[in-house]
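Overview (structure and organization)
Here are the chains, one letter per residue:
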Amino acid sequence: MRKMTEKEAIEFIKKCKVGRIGIILGQQPYIVPVFYAYHRGRIVFYTKKEGAKLEGILSNPYICLQADKIPDRPGYAKSVLVFGKAEVISDPNEKIDALKAIIEKYKEYHDIKIDIDEKLAHLPEEEFYRKCIRKITIIAIIPRKMTGRIKKIEMPRYETTG
């Protein structure tokens, strides 16, 4: 196992599709998967206007994002942790810009849901995004510390007898 450089960790975060945020909700840890993007030096993700994620972030903005990839055949397992402070993005243009980055990252998932009416999908692009941001909250994590690991994975070899 070896540590990733900061550059390797950022490149991995940019490409990795599996991300989870860890927050404190009340007195308990709370971990939940998110669609996210590394955008302008920050991690951005969205959530509903109300709910456990937003409640936890507003009560304690110090959170982390964990992203990983485990191979299903011999290869390299990779994991990155990003520790930072979360803030709600309030500027409408900045929210649209962040949402576009997230959607671009996950564009191959045609069933991506951002909790909007299906009819919004037929609007011109800018109007679509403006309506979307009214229904969601965009959060930015300002990274304070980033760590990453790479480990070579050998799959077990099974002997057959016969």
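So, a few notes on the structure that sits alongside this text.

**Observations concerning the pairing of strand β2 (residues 19-25)**
The sheet contact formed by β2 and strand β3 (residues 28-34) spans seven bridges and is antiparallel. Looking at the pairing, R20 lines up with P33 of β3. Taking the residues between adjacent antiparallel strands as the criterion, β2 and β3 are bridged by two residues, where G26 takes a positive phi near 70 degrees. Pairing of β2 with strand β6 (residues 62-69) involves four bridges; the strand directions are antiparallel. By the bridge assignment for β6, G19 is matched with A67.

**Quick notes on helix α4 (residues 125-135)**
Turning to α4, its buried residues are F128, Y129, C132 and I133. All buried residues of α4 fall inside an arc of 125 degrees around its axis, so they share one side. Those residues of α4 that are buried lie in contact with α3 (92-105) and β8 (136-153).

**Points about the environment of G75**
On the secondary structure map, G75 appears in strand β7 (residues 75-88). Setting aside residues no more than four positions away along its own chain, G75 makes contact with K151, K152 and I153.

**Brief notes about the pattern of salt bridges**
A side chain of one charge can pair with a side chain of the opposite charge if their charged atoms are brought near each other. Tallied over the full model, the rule gives seven salt bridges. Among the ionic pairs, R20 bridges to D68, the shortest N-O distance being 2.9 Å. Placement of the pair is R20 in strand β2 and D68 in strand β6, with a sequence separation of 48 residues. Between D97 and R40 there is a salt bridge; the shortest N-O distance is 2.8 Å. Of the two residues, D97 is situated in helix α3 and R40 in the loop between β4 (36-39) and β5 (42-48); the sequence distance between them amounts to 57 residues. According to the relative accessible area criterion, R40 is exposed, its value standing at 66%. Salt bridges sharing partners connect three or more residues here, namely R42, E87 and E94.

**Observations concerning the side chain of Q66**
Mapping Q66 onto the fold places it in strand β6. Of the polar contacts made by the side chain of Q66, one reaches the side chain of D68; its length is 2.9 Å. In this structure the side chain of Q66 is engaged in a polar contact, spanning 3.3 Å, whose partner is the side chain of S79. Among residues more than four places away in sequence, those in contact with Q66 are V18, G19, R20, S79, V80 and L81.

**A word on the packing of aromatic side chains**
By the definition in use, this model includes two aromatic pairs. Ring geometry for F35 and Y106: centres 4.7 Å apart, planes at 65 degrees, overall edge-to-face. Highlighted residues: F35 in the loop between β3 and β4 and Y106 in the loop between α3 and α4, separated in sequence by 71 residues. By the ring-pair criterion, three or more aromatic residues cluster together here, those being F35, Y46 and Y106. The ring of Y106 has K17 lying over it, and the distance from NZ or CZ to the ring centre is 5.4 Å. Of note, K105 hangs over the ring of Y36, and the distance from its end group to the ring centre comes to 3.5 Å.

**Overview of helix α2 (residues 52-59)**
Taken together, the buried positions of α2 are occupied by K53, L54, G56 and I57. Projected down its long axis, α2 shows its buried positions confined to an angular sector of 165 degrees, all on one face. Residues of α2 that are exposed and point over 90 degrees away from its buried face: E55, L58 and S59. Where α2 is buried, its residues touch β2, β3, β5, β6, β7 and β8.

The rules behind each value
- Residues numbered from 1 in each chain as written.
- Predicted model: local features only at pLDDT ≥ 70, side-chain atom pairs only at ≥ 80, totals over all residues.
- Heavy atoms only, no water.
- Pairing = 2+ DSSP bridges.
- Helix = DSSP H or I, 4+ residues; strand = E, 2+ residues; numbered from the N terminus.
- Buried < 20%, exposed > 50% of the residue type's maximum accessible area, 1.4 Å probe, protein only.
- Arc of directions from axis to C-beta.
- Contact = heavy atoms within 4.5 Å.
- Salt bridge = Lys/Arg side-chain N within 4 Å of Asp/Glu carboxyl O.
- Polar contact = N/O pair within 3.5 Å; in protein donor to acceptor, adjacent residues only side chain to side chain.
- Phe/Tyr/Trp six-rings, centres within 6.5 Å; stacked < 30°, edge-to-face > 60°.
- Lys NZ or Arg CZ within 6 Å of the ring centre and 35° of its normal.

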